[in-house]
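Listed here are the chains, written in short residue letters.
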Amino acid sequence: MTDFPIPLVASLLGGTFIISLLFTRGMITLGPKLGLMDEPAERRVHETPIPRAGGIAIWVSFLAIAWSGKLFLPPASQLVSHEGLVAFTASSSLLMGVGFIDDRQGMKALLKLGGQVAAALLYFALDSSLWGMNILGYDLPLVISCIIFTGWCVLLINAFNLIDGLDGLCSGLVLVSLFVIAGLEFVNGRGSTAIMMLTMAAAVGGFMRFNLNPAKIFLGDAGSMMLGFFLATSATQIGGEKAVVGSIMLPIAIAGVPLLDVLLAVWRRSARGHLQKSHGEEQNGGIFTADKDHLHHRFLALGLTQRKVAYVLQGLAVFLAALCFIPMMVGGRGLVFTFCGFIILGLFGLRHFARVELLQTGSLLHLAVRRHKGRGAMRGLYYFYDIIALTTAGFLAMIIETNFG
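### Looking at the pattern of salt bridges
All told, the structure shown has 3 salt bridges when counted by the stated rule. Note that Arg52 is salt-bridged to Asp38, the shortest N-O span being 3.9 Å. You can see Arg52 sitting in the loop between strand S2 (50-51) and helix H2 (54-72) and its partner Asp38 sitting in strand S1 (residues 37-38), a full 14 residues away along the chain. The two residues Arg52 and Asp38 agree in class, both being buried. Between Lys112 and Asp221 there is a salt bridge; the shortest N-O distance is 3.1 Å. Linking Lys112 in helix H4 (residues 109-126) with Asp221 in helix H8 (residues 220-235), this pair joins segments that are 109 residues apart in sequence. Salt bridges here are not isolated pairs; linked through shared partners, they connect Asp102, Lys112 and Asp221.

### Some remarks on the packing of aromatic side chains
Scanning all chains against the criterion turns up 7 aromatic pairs. Ring plane angle 75 degrees and centroid distance 5.2 Å describe the contact between Phe62 and Phe230, whose orientation is recorded as edge-to-face. Taken as a pair, Phe62 in helix H2 and Phe230 in helix H8 lie far apart in primary sequence, 168 residues in all. Each of the two residues, Phe62 as well as Phe230, counts as buried.

### Some details on the nonpolar core
Of all hydrophobic cores here, the largest spans 84 residues; its most connected members are Ile58, Phe88, Leu156, Leu178, Met200 and Val204. Among the elements that line this core, the one with the most residues is helix H6 (residues 169-187), at 11 residues. Apart from the residues within four sequence positions on either side, Ile58 is in contact with Met200, Ala203, Val204, Phe207, Leu219, Met226 and Leu227.

### Brief notes about a nonpolar patch on the surface
There is a patch of nonpolar side chains on the surface, built from Val143, Ile144, Ile147 and Ile148 and spanning about 350 Å² of accessible area. Examined against the element boundaries, Ile144 turns out to sit in helix H5 (residues 142-162).

What counts and what doesn't
Residues numbered from 1 in each chain as written. Predicted model: local features only at pLDDT ≥ 70, side-chain atom pairs only at ≥ 80, totals over all residues. Heavy atoms only, no water. Salt bridge = Lys/Arg side-chain N within 4 Å of Asp/Glu carboxyl O. Helix = DSSP H or I, 4+ residues; strand = E, 2+ residues; numbered from the N terminus. Buried < 20%, exposed > 50% of the residue type's maximum accessible area, 1.4 Å probe, protein only. Phe/Tyr/Trp six-rings, centres within 6.5 Å; stacked < 30°, edge-to-face > 60°. Core = buried A, V, L, I, M, F, W, Y, C linked by side-chain atoms within 4.5 Å. Contact = heavy atoms within 4.5 Å. Patch = residues over 30% accessible without salt bridge, like charges linked within 9 Å, V, L, I, M, F, W, Y side chains within 5 Å. Areas by Shrake-Rupley, 256 points an atom, 1.4 Å probe, with all protein chains shown as cover.

Here it is, written out as structure tokens:
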């Protein structure tokens, strides 16, 4: 499985867990003194102020172990490239600074987004292994590689940031993602990278001891953004021999639930913004407007406890990862089973968990049809939909039949 001795690996993972445990316990006391408190509010589900400084403990624990191993343990120094560790340390420091300010006093959405983009660009500039990215079998130009990498990082940063709304939810989903990446790396023969994923998992595990319901500490924006960023940078070059299938399935495998939550949020807020504009109402921030319609809020509305909601969504993440593993392990033929699973899950999800989006979209379409100007646009939209649907169906039939060439 790996060339590294088991005692060394066990020491690294155990040491990371213990350090994270101690740091997290310390941040419960230090968080309020730093002004990092999550106060109860309309969108919150907790009723008492709770420190949001757990991300700092995870970040410090992971980097302490990574740099200690790199500098003082020759066998452990092979676990991560020096260039990659320098890139993550520098860029995550910038991101943690942005998150710290946001956790302490709040920050405008666009400024926060700018900090995320800057962190991704800094990582790309410092890690030359990303300069020749390959997607779907094609080598990409430097500028295109930079744009795709930055967009991917920002997407995952915000996906995990948005889903961080319940005790143990985001950290549990991060653990699922880390184990998925570690499994893929072991299969692809990169045991050193897999061990680094497990090291971060150990750091998250130490934090989760105090984050499970009822939580004594939260990740904070700094923590959720840092973990999303770590997953994005770690998963960039995964794909192995099945690069084509991996490029398609990897995002769903490692972040299916957070990405679904982001998709629904953009859909919902865009439709809501257009409706407000159509009725002459003032728009409140567009897609950056916070609301209480995230996946975890909907499960809470069904009467589930916070812990049960976390288990349900984490179970869904495992199920999505399992569906994605089929074609990533056996190739294009496995896509038949995966697509069937996605179709069944999609139909069930749309029926039960996308009612808000469907209602708002239906209202928007009804409003467009009623207007004379909207009729031509709607017909054009239907033609566009037909073209996309037929092209997609033909493409999927071709790639399944030819097993991706």
